[in-house]
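Commentary on secondary and tertiary structure
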Amino acid sequence: MSYLVDSHCHLESLSLEGKAAKSIDEIIERARRCGVSHFLSVACTSKEFEKNLSIAQKYNNIFLACGIHPLNLEEEPDWSDEELKKNLLSSDKVIAVGETGLDYHYAPETKNLQISSFVRHIGVALEVKKPIVIHAREAKNDTLSILKSENARDAGGVIHCFTDSVDMARVCLDLGFYISFTGIATFKPSDNVREVVKYVPLDRMMVETDCPYLAPVPVRGIENEPAFVRYTLKYLADFKGVSEKELARITSENFENLYKLKLSDYETPPKGCEISSYKIENIIDRSFS
Ligand SMILES: [Zn+2]
Ligand SMILES: [Zn+2]
């Protein structure tokens, strides 16, 4: 029996409405046929959290994270620790705080706001005892110094969509954090990310789509969705010299260790869903042609 988790996706942000709408059922089914057994859907605002919560109600294999993204802070200037805590404790499906963190690439002008929000999220995570999903873009020094000064290692967590340096990865690993890779690792110009892939030990690695963004090669350019985590898995497995099945097993175990749960308690993959038996191109070509 193999498990594979898309450890960071935004299900509520997929094209669920309008002309080219897909249904969640269809998205989850396609993912399962590609071997993806579980999902962590991450909310960036409280509105998104509500949407995710209603999506997740129907499925045992969708987990949730709740936080205010550093790039959404201006939409929710008055978010309160109390409301965040309430959301985090509203369902046992909510297993993580985030995403939170710092993004100086897209919004250097809100730096101070981002810092105070990040610090508050860590405080809440320590209180509710849930790991943190961290977004860090071009903010290495501040991210690391806040993780240290706020004792974030006691909550634990993952640096998602890692695009920084080996240097930063080393400190994050020393602090006990996991490192998660998206389709960016498959992009031609991403030699720096591949350096980090080379460096990070298998037992601290995760794989994610961050869909609807960042579809991996060879589906780059269309809307990303959880099924495509298979492409990134394959790419990373080849790069690390292990089988896809082995990397799926290890990254699923890493997910279980970080979030202190057993995937099999939530859903067992449907019969015949062995990673090795999939012909992902067939499934995906058929669905998108
Ligand atoms: Zn992010
Ligand atoms: Zn994200």
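Above this text sits the structure in question.
So, here's what we can say about the structure. In this text, all values refer to a predicted model and were calculated from it rather than measured experimentally. (Residues numbered from 1 in each chain as written. Chains lettered and ligands numbered in written order. Predicted model: local features only at pLDDT ≥ 70, side-chain atom pairs only at ≥ 80, totals over all residues. Heavy atoms only, no water.)

**Points about the overall build of the protein chain**
Basically, it comes down to this: Think of it this way: any DSSP run of H or I at least four residues long counts as a helix, any run of E at least two long counts as a strand, and we number them from the N terminus. Two things to know: the radius of gyration comes from C-alpha atoms, and the globule rule equals 2.2 Å times the number of residues to the power 0.38. In this scheme, a residue with accessible area under 20% of its type's maximum is buried, one over 50% is exposed, and one in between is partly exposed, where area comes from a 1.4 Å probe on protein chains only. Contacts: residue pairs with any heavy atoms within 4.5 Å of one another. Only the protein chains shown count as cover for residues, with accessible areas throughout obtained via the Shrake-Rupley method and a probe of 1.4 Å.
Per the secondary structure count, the protein chain includes eleven helices and eight strands. In terms of C-alpha radius of gyration, the protein chain reaches 18 Å, essentially the compact-globule figure of 19 Å for 289 residues. In terms of overall dimensions, the protein chain has a C-alpha envelope of 50 × 40 × 35 Å along the principal axes. The buried share of the protein chain, reckoned over its 289 residues, is 58%. Taking contacts inside the protein chain between residues at least 6 apart in sequence as the whole, the part at least 24 apart equals 74%. Summed over all atoms, the accessible surface of the protein chain reaches about 12500 Å², with 49% contributed by carbon and sulfur.

**Some points on the coordination of the zinc ion (ligand 1)**
Inclusion rule: Coordination here is defined by N, O and S atoms within 2.8 Å of the metal (3.2 Å for Na, K and Ca), and since water is not considered, a site can look incomplete.
Within the protein, the atoms that donate to the zinc ion (ligand 1) are E99 (OE), H135 (ND1) and H160 (NE2), at distances of 2.0 to 2.1 Å. Each donor residue of the zinc ion (ligand 1) belongs to the same chain, and together they define the spacing E-x35-H-x24-H. A separation of 3.5 Å is found between the zinc ion (ligand 1) and the zinc ion (ligand 2), which share E99 as a coordinating residue. With H135 in strand β5 (residues 132-137) and H160 in the loop between β6 (157-159) and α6 (166-174), the pair connects residues that are 25 residues apart, well separated along the chain. Since its relative accessible area comes to 13%, H135 is described here as buried.

**Focus on the packing of α6 against helix α7 (residues 191-199)**
Operational definition: Every axis in this analysis is a line fitted to C-alpha atoms, fitted for helices over the stretch in contact. Angles between the N-to-C directions lie between 0 and 180 degrees. Each crossing gets its handedness from the near helix: less than a right angle anticlockwise from the far helix is left-handed, clockwise is right-handed. All amino acids are sorted into three groups, where Ala, Val, Leu, Ile, Met, Phe, Trp, Tyr, Cys and Pro are nonpolar, Asp, Glu, Lys and Arg are charged, and the leftover types, Gly among them, are polar.
Contact geometry for α6 and α7: axes closest at 9 Å, N-to-C directions at 35 degrees. The element α6 and its partner α7 pack so that their crossing is right-handed. Judged by residue contacts, V166, A169, R170 and L173 of α6 engage E195, V196 and Y199 from α7. For the contact of α6 with α7, the residue count by class is five nonpolar, no polar and two charged.

**A few points about the pattern of salt bridges**
We apply this condition: Counted as salt bridges are all cases of a side-chain nitrogen of Lys or Arg within 4 Å of a carboxyl oxygen of Asp or Glu.
Taken as a whole and judged by the stated rule, the model has 19 salt bridges. The shortest N-O distance in the salt bridge between R194 and D191 comes to 2.8 Å. Of this pair, R194 and D191 both sit in helix α7, separated by three residues, roughly a single helical turn. A relative accessible area of 51% means that D191 is categorised as exposed. Among the salt bridges present, the one from R249 reaches E253, with a minimum N-O distance of 2.7 Å. Residue R249 and its partner E253 are located together in helix α9 (residues 244-259), separated by four residues, close to a single helical turn. What makes R249 partly exposed here is its relative accessible area of 40%.

**Things to note about α7**
What counts, and what does not: The directions from the helix axis to the C-beta atoms form the arc being described.
All buried positions along α7 are accounted for by V193, R194, V196 and V197. Down the axis, α7 shows its buried residues gathered within 155 degrees of arc, on one side only. Of the exposed residues in α7, the ones pointing more than 90 degrees away from its buried face are D191 and K198. Along its buried surface, α7 packs onto α6, β7 (178-181), β8 (205-207) and α8 (229-240).

**Some words on the nonpolar core**
Worth spelling out the cut-off: The set of buried Ala, Val, Leu, Ile, Met, Phe, Trp, Tyr and Cys residues whose side-chain atoms join them within 4.5 Å is what this entry labels a nonpolar core.
Residues I62, L147, I159, I179 and F181 are the most contacted members of the largest nonpolar core, which totals 74 residues. Excluding its chain neighbours within four sequence positions, the residues that come into contact with L147 are F118, I122, I134, A152, R153, I159, L175 and F177.

**Describing the state of the cysteines**
Cut-off, in case you're wondering: Cysteine sulfur atoms that come within 2.5 Å of each other are treated as a disulfide pair.
Following the criterion strictly, the structure yields zero disulfides and no others. Its sulfur unpaired, C44 is 10.0 Å from the next cysteine sulfur, which belongs to C66.

**Some details on the coordination of the zinc ion (ligand 2)**
Our working definition: Any coordination sphere not matching a tetrahedral pattern (four donors, all angles between 85 and 135 degrees) or a square planar or octahedral pattern (four or six donors, opposite donors over 155 degrees apart, other angles between 65 and 115) is reported as irregular.
For the zinc ion (ligand 2), every protein donor is listed as H8 (NE2), H10 (NE2), E99 (OE) and D210 (OD), and the spread of their distances is 2.1 to 2.3 Å. Considering all four donor atoms around the zinc ion (ligand 2), angles at the metal cover 85 to 177 degrees and the coordination shape is irregular. Mapped onto the polypeptide sequence, the residues donating to the zinc ion (ligand 2) form the spacing pattern H-x1-H-x88-E-x110-D. Relative accessible area serves as the criterion here: at 2%, H10 is assigned to the buried category.

**What about the side chain of T209?**
The line we're drawing: Counting of polar contacts relies on pairs of N or O atoms within 3.5 Å, with two restrictions inside protein: one atom must be capable of donating a hydrogen and the other of accepting it, and residues adjacent in sequence are counted only when both atoms are side-chain atoms.
Within the secondary structure, T209 sits in the loop between β8 and α8. Using a relative accessible area of 1% as the deciding quantity, one classes T209 as buried. A polar contact of 3.0 Å, which involves the side chain of T209, links it to the backbone nitrogen of C211. Residues within four places of T209 in sequence aside, it is in contact with D6, H8, C9, T182, L214, N224, E225, P226, F228 and V229.

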